Amino acid sequence: MIRVVLADDHPVVRAGLAALLSSLPGIEVVGVAATGREAVREVVTTRPDVAVLDLQMPDLDGFAATRELARSAPEVAVLVLTMFEDDDSVFAAMRAGARGYLVKGAEQDEIARAIRAVAAGEAIFGPGVARRVLTFFASPPPADPFPELTAREREILDHLAAGLSNQAIAARLDLAPKTVANNVSTIFTKLGTADRATAIIQARNAGLGIPKDG
């Protein structure tokens, strides 16, 4: 029996999904949640095999909830079930630790197959999402990503994408922390991003932040 916690902020959707999953052979719904924080609490309390999460939830969105579960309950497989299938959402969810990604409207058999797959340690995507992932990995990043950035700004963005803080980047590049902060603000402006997380997603999608061999 695969034990599942389900989280979705829409009551009708949540009730419908709970009824659907409970009707599937070999699957037991052991908890439901309406917010990201409730989802984390339910998972930590019940320790299911799979957490099925929406991405857009109050308190804590699905990305943050997935990251939190990767820390507090790493043995629980996260399956995203959402309306969003844009590249940023897909890759941000997978980087947060999700093992599967389905778009709402998926058939009952597809949802059941995905739950069983992630419970078994596999990664699984809905058909549309799978095509986007395969296209992404089949397309090499541009040789010179972000031509609007200076060499120094690209170097700082590379460290940002690797997960370094401003303080750590300043120490790595022997710069004043204020200089790094100013460069980061300029990078956000040039990339048209509003926050660090979005800039990191763009950078990693372009091949930055990845450890170099040797």
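On a predicted model such as this, the values are computed, not experimentally measured, just so you know. The numbering scheme is per chain: residues are counted from 1 as the chain's sequence reads. Local features in this predicted model are restricted to residues whose pLDDT is 70 or higher, and side-chain atom pairs enter the listing and the counts only when it is 80 or higher, whereas totals over whole chains, interfaces and linings include all residues. Note: side-chain values were computed over all heavy atoms of the structure, leaving out hydrogens and water.

A word on the overall build of the protein chain
Then comes step 1: In this description a helix means any DSSP run of H or I spanning at least four residues, a strand means any run of E spanning at least two, and both kinds are numbered starting from the N terminus. Helix and strand content of the protein chain: 10 helices and six strands.
Then comes step 2: Seen through its principal axes, the protein chain has C-alpha atoms that stretch 60 × 35 × 35 Å.
Then comes step 3: For the protein chain, the proportion of its 214 residues judged to be buried stands at 44%.
Then comes step 4: Should any heavy atoms of two residues lie within 4.5 Å, those residues are considered in contact. The contacts of the protein chain with a sequence gap of at least 6 include a subset with a gap of at least 24, amounting to 63%.
Then comes step 5: Each accessible area is a Shrake-Rupley estimate made with a 1.4 Å probe; only the visible protein chains count as cover when residues are assessed. Surface exposure of the protein chain reaches about 10,700 Å², of which carbon and sulfur atoms provide 55%. A simple rule labels every residue: compare its accessible area, found with a 1.4 Å probe on the protein chains alone, to the largest value its type can have, and call it buried under 20%, exposed over 50%, or partly exposed in between.

With respect to helix α2 (residues 36–46)
Then comes step 1: Along α2, the residues that are buried comprise G36, A39, V40, V43 and T46. Buried residues along α2 cover an arc of 155° about the axis, so they all sit on one side. Along α2, the residues that are exposed and aim more than 90 degrees away from the buried face are R41 and T45.
Then comes step 2: Looking at the buried side of α2, the elements it contacts are β1 (2–7), β2 (27–33), β3 (50–53) and α3 (62–72).
Then comes step 3: At the C-terminal side of α2, R47 shows a positive phi close to 50°. Read the arc as the range of directions from the helix axis to the C-beta atoms.

Quick notes on the packing of helix α4 (residues 87–96) against helix α10 (residues 196–205)
Then comes step 1: Interaxial angle, 0 to 180 degrees, is taken between N-to-C directions of lines fitted to C-alpha atoms, where a helix line uses only the stretch in contact. Between α4 and α10, whose axes approach to 11 Å, the crossing angle comes to 95°. What the angle tells us is that α4 and α10 run roughly perpendicular. From α4, D88, F91, A92 and R95 reach across to α10, where they touch I201, R204 and N205.
Then comes step 2: Here the nonpolar group is Ala, Val, Leu, Ile, Met, Phe, Trp, Tyr, Cys and Pro; Asp, Glu, Lys and Arg are the charged ones; every other residue, Gly included, is treated as polar. Across the contact of α4 with α10, the residue classes tally to three nonpolar, one polar and three charged. When an angle is under 35 degrees it counts as roughly parallel; over 145 it counts as roughly antiparallel; between 65 and 115 it counts as roughly perpendicular; any other value is oblique.

Points about the pairing of strand β5 (residues 100–103)
Then comes step 1: The pairing of strand β4 (residues 77–82) with β5 spans four bridges and is parallel. When the sheet's bridge partners are listed, V80 is paired in β5 with Y101.
Then comes step 2: Direction of pairing for β5 relative to strand β6 (residues 124–125): parallel, over a ladder of two bridges. Each bridged residue has a counterpart across the sheet, and for Y101 the counterpart in β6 is F125. Between any two strands, at least two bridges found by DSSP are needed for them to pair.

Here's the deal with α3
Then comes step 1: Looking at α3, one finds that the buried residues are G62, F63, A64, A65, T66 and L69.
Then comes step 2: Contacts made by the buried residues of α3 are with α2, β3, β4 and α4.
Then comes step 3: Under this definition, polar contacts are N or O atom pairs within 3.5 Å; protein pairs additionally need one hydrogen-donor-capable and one acceptor-capable atom, and for neighbouring residues in sequence, both atoms have to be side-chain atoms. The distance from a side-chain oxygen at the start of α3 to the backbone nitrogen of F63 is 3.1 Å, and the residue carrying that oxygen is D61.

Structural notes on the packing of helix α8 (residues 166–173) against helix α9 (residues 177–191)
Then comes step 1: Relative to each other, α8 and α9 sit at 115°, their axes nearing to 8 Å. Between α8 and α9, the angle is such that the two are roughly perpendicular. Crossing handedness for the pair α8 and α9: right-handed. On α9, the residues that touch N166, Q167, I169 and A170 of α8 are P177, V180, A181 and V184.
Then comes step 2: Considering only residue class, the contact of α8 with α9 consists of six nonpolar, two polar and no charged. Take the far helix as the reference: if the near one is turned anticlockwise from it by less than a right angle, the crossing is left-handed, and if turned clockwise, right-handed.

That's the geometry; what it means functionally is another story.
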